[in-house]
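Analysis of the macromolecular model
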Amino acid sequence: MRVEQDVALKVSEHGWLSTYQDLGREHSEFMGVPCGGAADQHSASVANILVGNQRSATCVEVMGGRFAFVAKSPVLISVTGAPADVTVNGQPVPMWEPVCVPGAARVVIANARDGMRNYLAFSGTLATGHFMGSAAPEARMGFPQVITAGQTIELRTAYAGFEHPYLTQPLFRLPVPIPAFSPGVWTVDIVEGPETDAAVGIRELLASRQYTVTPTSNHVGLRLDGPVVHPESLGEIVSHGVPIGAFEIPHGDELIILGRYRTLTAGYPIVAFATKAALPRLGQARPGQKMRFNWVSQQHAVQDYREQQNALLALEERVAKLFSAVGLPLQAAPVAEPAAA
Amino acid sequence: MISLAGVSTDERQAGSRRLREILLDVRPHGLVDVVAGIDSLLVEFDCLQVSHEQLAQTIRLAAAGRGLDGRVEIHAGNQFVIPMVVTEEFAPDLPDVADELGISQDEVLARLEASELSINLLASAMAPMMGTVRFPGQVSRCREPRTNVDSGSVMVAGTSAIIQPFPGPTGWKVIGRTPLTICDIREDPATSYKPGDSVRFKVVPHSEWARLTGRFLRPVGTPDPANEDTQDQEGTSQSAG
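Small disclaimer: the values here were computed from a predicted structure and weren't measured.

A word on the overall build of chain B. Broken down by element type, chain B carries five helices and 11 strands. Expressed as a percentage of the 241 residues in chain B, the buried residues total 54%. Of the contacts made within chain B by residues no fewer than 6 positions apart, 63% connect residues no fewer than 24 positions apart. As displayed, chain B has an accessible area near 11000 Å², and 47% of this comes from carbon and sulfur atoms.

This part covers the packing of aromatic side chains. Centre distance and the angle of the planes are the two values used to describe a pair of aromatic rings. This model, assessed by the stated rule, comprises eight aromatic pairs over all chains. Aromatic side chains Tyr-211 of chain A and Phe-293 of chain A sit 5.4 Å apart centroid to centroid with 50° between the ring planes, which places their arrangement in the tilted category. Of this pair, Tyr-211 of chain A sits in strand β14 (residues 211-213) while Phe-293 of chain A is found in strand β21 (residues 290-295), placing the two residues 82 residues apart along the sequence. By the burial criterion, Tyr-211 of chain A is buried, and Phe-293 of chain A matches it. Here the aromatic rings of Phe-90 of chain B and Trp-209 of chain B are separated by 4.4 Å at their centres, their planes lie at 40°, and the arrangement is tilted. Of this pair, Phe-90 of chain B sits in the loop between β3 (79-84) and α3 (94-101) while Trp-209 of chain B sits in helix α5 (residues 209-212); the two residues are 119 residues apart in sequence, bridging distant segments of the chain.

Take the sheet that holds strand β20 (residues 270-274) of chain A next. The mixed closed barrel is built from seven strands, whose spatial order is β13-β20-β17-β18-β15-β14-β21 (chain A). Neighbour-to-neighbour, the strand axes of this sheet turn through a mean angle of 40°, independent of strand direction.

With 29 residues, helix α4 (residues 298-326) of chain A ought to run about 42 Å at 1.5 Å a step, and its terminal C-alpha atoms sit 42 Å apart, in line with that. Against the buried residues of α4 of chain A lie α1 (41-50), β5 (75-81), β13 (186-192) and α3 (279-282) of chain A together with α2 (52-65) of chain B. Phi turns positive, to about 80°, at Gly-327 of chain A, one or two residues after α4 of chain A.

All names here are of chain A. If you trace the backbone, Val-107 turns up in strand β9 (residues 106-110). A relative accessible area of 0% places Val-107 in the buried class. A C-alpha to C-alpha distance of 38 Å links Val-107 and Asp-225, two positions 118 residues apart in sequence. Non-local contacts of Val-107, meaning those with residues more than four positions away in its chain, are made with Phe-67, Ala-68, Phe-69, Ile-77, Thr-87, Val-88 and Val-101.

Before going further, it helps to examine the sheet that holds strand β6 (residues 85-88) of chain A. Residue and element names in this part refer to chain A. The sheet built from seven strands is open, its strands ordered β7-β6-β9-β4-β1-β12-β11 with antiparallel pairing. Strands at the two margins of the open sheet, each flanked by one partner only, are β7 (91-92) and β11 (125-126). By the bridge criterion, two bridges tie β11 to strand β12 (residues 152-157) in an arrangement that is antiparallel. Residue pairing across strands places Thr-125 opposite Arg-156, the latter belonging to β12.

Cut-offs applied
- Residues numbered from 1 in each chain as written.
- Chains lettered and ligands numbered in written order.
- Predicted model: local features only at pLDDT ≥ 70, side-chain atom pairs only at ≥ 80, totals over all residues.
- Heavy atoms only, no water.
- Helix = DSSP H or I, 4+ residues; strand = E, 2+ residues; numbered from the N terminus.
- Buried < 20%, exposed > 50% of the residue type's maximum accessible area, 1.4 Å probe, protein only.
- Contact = heavy atoms within 4.5 Å.
- Areas by Shrake-Rupley, 256 points an atom, 1.4 Å probe, with all protein chains shown as cover.
- Phe/Tyr/Trp six-rings, centres within 6.5 Å; stacked < 30°, edge-to-face > 60°.
- Pairing = 2+ DSSP bridges.
- Axes fitted to C-alpha atoms, helices over the stretch in contact; angles between N-to-C directions.
- Expected span 1.5 Å × (residues − 1).

Interpretation in functional terms is not warranted from these geometric data alone.
Have a look at this one:
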């Protein structure tokens, strides 16, 4: 067993909004508490895997602006999510890779583009409160988890620096599944919803027109500008549970795609669902982002998700082998089956 | 989403509540969580661990094996008496609700107080959603939803009632406010109520507000000195926080 030590991380800039985050709460929705968790679960998972953590470990979600910190002792970090400029003592370092940061070095994440969020993971455990088993914010219930400039984050880590006669960074060739963050129009896969047929013409509209994310969007849901049709002869819908990724058409001419902090019940018709594999990308959508939708079958949706999860498993196994070989700390053995998302 | 076919509204509600209990008890392989609707259940599952068809079959079997036939027995839950204050400030929609139902404001409150409400589900932020209020008709939602309603607000829509545990937006009509804290994440669990419990509302004068403010809601008969309604001496207000 490696010796763990506490490392203080002094935050000097906090971006627009930075929070402690993980993959969210389990078994909380039956109590009326949304699972929450990282909007881009893929990037958050990869960030953790790249530093040898379990993918559900607590990391930092940075939304916009500049996030900067200095760690007292060496730390092993990774930054994932939207393309951004990441520097250590002013020197650019790659995203989507493990990065060995020497003690007292200043790390800056800035200029995120073509997306909204960056995930910053540290090898080890961040000291923070938990609510219903998760560090994910639940601001409405009094658990905001916001990180602000001047704050010191406590990290408990078994990483004590990387030493090699010739290199300052371990050179790994890892099979990292890096999503495409293209600046143009995004294509999002969708499957049928319970009210697709009742909304006559919605199939054709969603398949053929372009939609734009509006500034009223947030972690509860993306609001999109674009043509909609309202379902006919449904009457008043009583409140029913609504899943993440549901396409709702409320009474106004607007399309809402529900996010991980949605209100769990609603009485609006659901005309489509984003596929599970498309959700991480939706978690990166900024106001002004244009998107098109592509109908796929349920089998296709399950298959895409399976491939996405298999890529994470493959990365986990590779990291486990490499970290063991070079003596970097591992918080988790590769899991036998994918964790429930 | 699952709902029971071919039964009355009450049976559907009770049936989905019972099914929810069964699923949380059995926890079929691949089940992630369930979200209760008023008369339906949203079942969340990991599609890599179990297929849609397999899970549907498991749920049918679980339901069949537990005698879920509509005539369900509702488990004896805890009882709550929730004080509420109905001053103009705390009950802004009371006149509207009375107009819509065609009865006086006093009658609206009398009917609410006379109703033994069953908690059907915990909605957003653990809000207890309850039914059925003995109103002579349905209460509509606000034309313009409020962007923020204070915590403790007692609200109605249709023949359901709900309490807002935390400040937030809502389209439901506000007809009173309780001074009690009904959800507190520092408590474990954060609420003392759960689906299946029963609730009565009791209108209390505004003078009670200060004394009861901040107390954590506990069921009737709980030996909690902070929750003893009237026997408490004046001025010994205690906070559960």
